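# Architecture at a glance
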Amino acid sequence: MHPRRVVWITVLLWLSLLPAVPQAEAAPKKGKRGKVTGFNVAQSELRQAPVERPSGNIVIRSPALTERIEVNIYNADGSYNQSALAQLDHLFRCRQTGEERAMDPRLYEVLSIIYDHYGREIEVNSAFRYQRNEGSRHFHGSAMDITVPGVSYQDVYKFAGTLDTGGMGVGRYPRSNFVHIDFRAPGEPSYRWTDTSHGTRRDPGKLPSKMWRSARPNS
C-alpha cells in the first residue's frame, strides 16, 4: 500500500474516535434592522371562558387613507349590520390596489372589544392586502395591524392575547409601534411573535408598503 494512503487511513481512523461536536442552536431569524422571534401557544394557556359580546361600537381611522368612520357592527336583534361591515371593509381595503374584500367579522368584534376597553379611537395601519404571498392572513382578509394612540403597543399586545380562545395570531412590532392581530387558518395553533425588523418609530400608517411584508408566511 502506498505510504501516503496509509497516513490518510490512520488520520481518518483517529478522527472517527473523537467525540462529536454538538451543533449550536439556530439563532432567531434576523432582518436588516432586527430579528423575529415567536412561539406557538398551547390550548391550555389560552382563554378558557368565552369572550363577552362587545357593544359593537367602533371608532376607527386610516392614517394612510385619511378616512375615519364610526359604526356599530350589530343590529338591534344582535345580528351583524351589513352596512356597517361594508363600511369597515371599505376602510380595510388594499392601500396599493384599492381592492376590497369581505373581512372576517371576528376582527371587527375584536376591534369593538378593544374600543370598549380603552375608549379611544383606533388606527388601522394595514388590513386586506392583495399580494403574491397567498399564505398571508392579510390576503385572506383575516388580519389587521392596529395602533391605539396614547396606549403602549405592549399593552395592546397583552390585552389582545387575553381574547384568544384558540387560533389567533398576535404579533408586536416595536419599531413601528403597532400590533398585528389575525385569525389563523383552521387547525393552526395560536401564535405570538415579536418583529424588530420592520419600520421605524414614526406614523406606521405612512410606512412604505414593503415594510409591511410579514416575516412569517401566515401572518
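Every chain's residues receive numbers from 1 upward, in the order its sequence appears when written. Given that this is a predicted model, residues contribute local features only at a pLDDT of at least 70 and side-chain atom pairs are listed and counted only at 80 or more, while totals for whole chains, interfaces and linings are drawn from all residues. Side-chain metrics in this entry use all non-hydrogen atoms of the structure; hydrogen atoms and water are not considered.

## Some points on the packing of helix 3 (residues 105–118) against helix 4 (residues 153–161)
Across the interface, helix 3 lies against helix 4 with an axial gap of 11 Å and an inter-helix angle of 125 degrees. In terms of orientation, helix 3 and helix 4 fall into the oblique class. Here helix 3 and helix 4 pass one another in a crossing that is right-handed. Residues Ile113, Ile114, His117 and Tyr118 of helix 3 lie in contact with helix 4, whose contacting residues are Asp155, Val156 and Phe159. Asp, Glu, Lys and Arg are counted as charged, while Ala, Val, Leu, Ile, Met, Phe, Trp, Tyr, Cys and Pro are counted as nonpolar; the rest, among them Gly, fall into the polar class. Its residues placed into classes, the contact of helix 3 with helix 4 shows five nonpolar, one polar and one charged. Every axis corresponds to a line fitted to the C-alpha atoms, with the helix fit spanning only the stretch in contact, and the corresponding angles, defined between N-to-C directions, vary from 0 to 180 degrees. Per the convention used, a helix needs a DSSP run of H or I reaching at least four residues, while a strand needs a run of E reaching at least two, with both numbered from the N terminus. Note that the term roughly parallel is reserved for angles under 35 degrees, roughly antiparallel for angles over 145, roughly perpendicular for angles of 65 to 115, and oblique for everything else. For any helix crossing, the convention is left-handed if the near helix is rotated counterclockwise from the far helix by under a right angle, and right-handed if that rotation is clockwise. Pairs of residues are marked as contacts when any of their non-hydrogen atoms sit within 4.5 Å.

## Observations regarding the environment of Gly141
Here Gly141 lies in the loop between strand 5 (122–126) and strand 6 (143–147). With 14 residues separating them in the primary sequence, Gly141 and Ala127 have C-alpha atoms 7.2 Å apart. Excluding anything up to four places from it in sequence, Gly141 contacts Arg101, Met103, Asp104, Leu107 and Phe128.

## Regarding the nonpolar core
Ranked by size, the top nonpolar core spans 39 residues in total, and within it Ile60, Phe92, Tyr108, Leu111, Ile114 and Ile181 carry the most contacts. For this core, the leading source of residues is helix 3, giving seven residues. As used in this record, nonpolar core signifies buried Ala, Val, Leu, Ile, Met, Phe, Trp, Tyr and Cys residues forming a set joined through side-chain atoms within 4.5 Å. Burial classification: accessible surface area is computed with a 1.4 Å probe over protein chains only, and a residue below 20% of its type maximum counts as buried, one above 50% as exposed, and the rest as partly exposed. With five residues, the next largest nonpolar core counts Val36, Tyr173, Phe178 and Tyr191 among its residues.

## Some thoughts on the environment of Ala49
For Ala49, the position within the fold is in the loop between strand 2 (35–41) and strand 3 (57–62). With a relative accessible area of 42%, Ala49 lands in the partly exposed category. Spatially, the C-alpha atom of Ala49 lies 7.7 Å from that of Thr165, the residues being 116 residues apart in sequence.

## With respect to the packing of aromatic side chains
Ring geometry is summarised as follows: Phe, Tyr and Trp rings, the Trp one being its six-membered ring, pair when their centres sit within 6.5 Å, and such pairs are stacked at plane angles under 30 degrees, edge-to-face over 60 and tilted between the two. Applying the stated criterion across every chain yields a total of six aromatic pairs. For the ring pair Tyr74 and Tyr80, a centre distance of 6.0 Å and an interplane angle of 15 degrees mean the geometry is stacked. The class of Tyr74 is buried, set by a relative accessible area of 9%. Each ring, one from Tyr191 and one from Trp193, has its centre 5.8 Å from the other, and the planes form 35 degrees; the classification is tilted. Taken individually, Tyr191 and Trp193 each receive the classification buried, so the pair is uniform in this respect. Think of it as a cone above the ring: NZ of Lys or CZ of Arg counts as a charge over the ring if it is within 6 Å of the ring centre and within 35 degrees of the ring normal. The ring of Tyr74 carries the charged tip of Arg53 above its face, separated from the ring centre by 3.8 Å.

## Some words on unusual backbone geometry
Within the chain, Thr66 stands out as a residue other than glycine whose phi angle is a positive 50 degrees. Within the element layout of this structure, Thr66 appears in the loop between strand 3 and strand 4 (67–72). Positive phi, normally seen in glycine, also occurs at Asn177, with a value near 65 degrees. Following the sequence through the fold, Asn177 ends up in the loop between strand 7 (168–173) and strand 8 (178–183).

Function-wise, these values are silent; they only describe arrangement.
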